[in-house]
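Each chain, written out:
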Amino acid sequence: MENIRLKYRTENPKVLLSKSICGTIEQITIYTLQGSVKAVKKYWSEITKTMEHLLYMIYQLDVH
């Protein structure tokens, strides 16, 4: 979520106020996305970039 704030801060300074976070509880991934539906659609490509790595971490798969 920090990457989204940093990447889009010049385009939309309001993104710096976002309280969006991501985390896990056991093997459940939780994304809280604050803002408009339009914003979520716009930033979705940034979010999906993290999902593969997150799954590797949750299931303790060493792919390095």
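Above: the structure in question.
Worth saying up front: this structure is predicted, and the values here are computed from it rather than measured.

Draft legend 1. A look at the nonpolar core. The biggest cluster of nonpolar side chains holds six residues, and these are Ile4, Tyr8, Val15, Ala39, Tyr43 and Ile47. Of all the secondary structure elements, the ones that give two or more residues to this core are α1 (2-8) and α2 (37-58). For this core, the element with the most residues is α2, which contributes three residues. If near-sequence neighbours (up to four positions away) are discounted, Ile4 is found in contact with Val15, Tyr43, Glu46 and Ile47.

Draft legend 2. Main features of the side chain of Glu46. Structurally, Glu46 can be placed in helix α2. A distance of 2.6 Å separates a polar atom in the side chain of Glu46 from a polar atom in the side chain of Lys7.

Draft legend 3. Region of the structure containing the environment of Trp44. Relative to the helices and strands, Trp44 resides in helix α2. Among the residues examined, Trp44 registers a relative accessible area of 39% and is labelled partly exposed. Residues Trp44 and Asp62, 18 residues apart in the sequence, show an inter-C-alpha distance of 26 Å. Leave out the neighbours within four places in its chain, and Trp44 touches Leu33 and Met51.

Parameters at a glance
- Residues numbered from 1 in each chain as written.
- Predicted model: local features only at pLDDT ≥ 70, side-chain atom pairs only at ≥ 80, totals over all residues.
- Heavy atoms only, no water.
- Core = buried A, V, L, I, M, F, W, Y, C linked by side-chain atoms within 4.5 Å.
- Buried < 20%, exposed > 50% of the residue type's maximum accessible area, 1.4 Å probe, protein only.
- Helix = DSSP H or I, 4+ residues; strand = E, 2+ residues; numbered from the N terminus.
- Contact = heavy atoms within 4.5 Å.
- Polar contact = N/O pair within 3.5 Å; in protein donor to acceptor, adjacent residues only side chain to side chain.

By themselves, these figures tell us nothing about what the structure is for.
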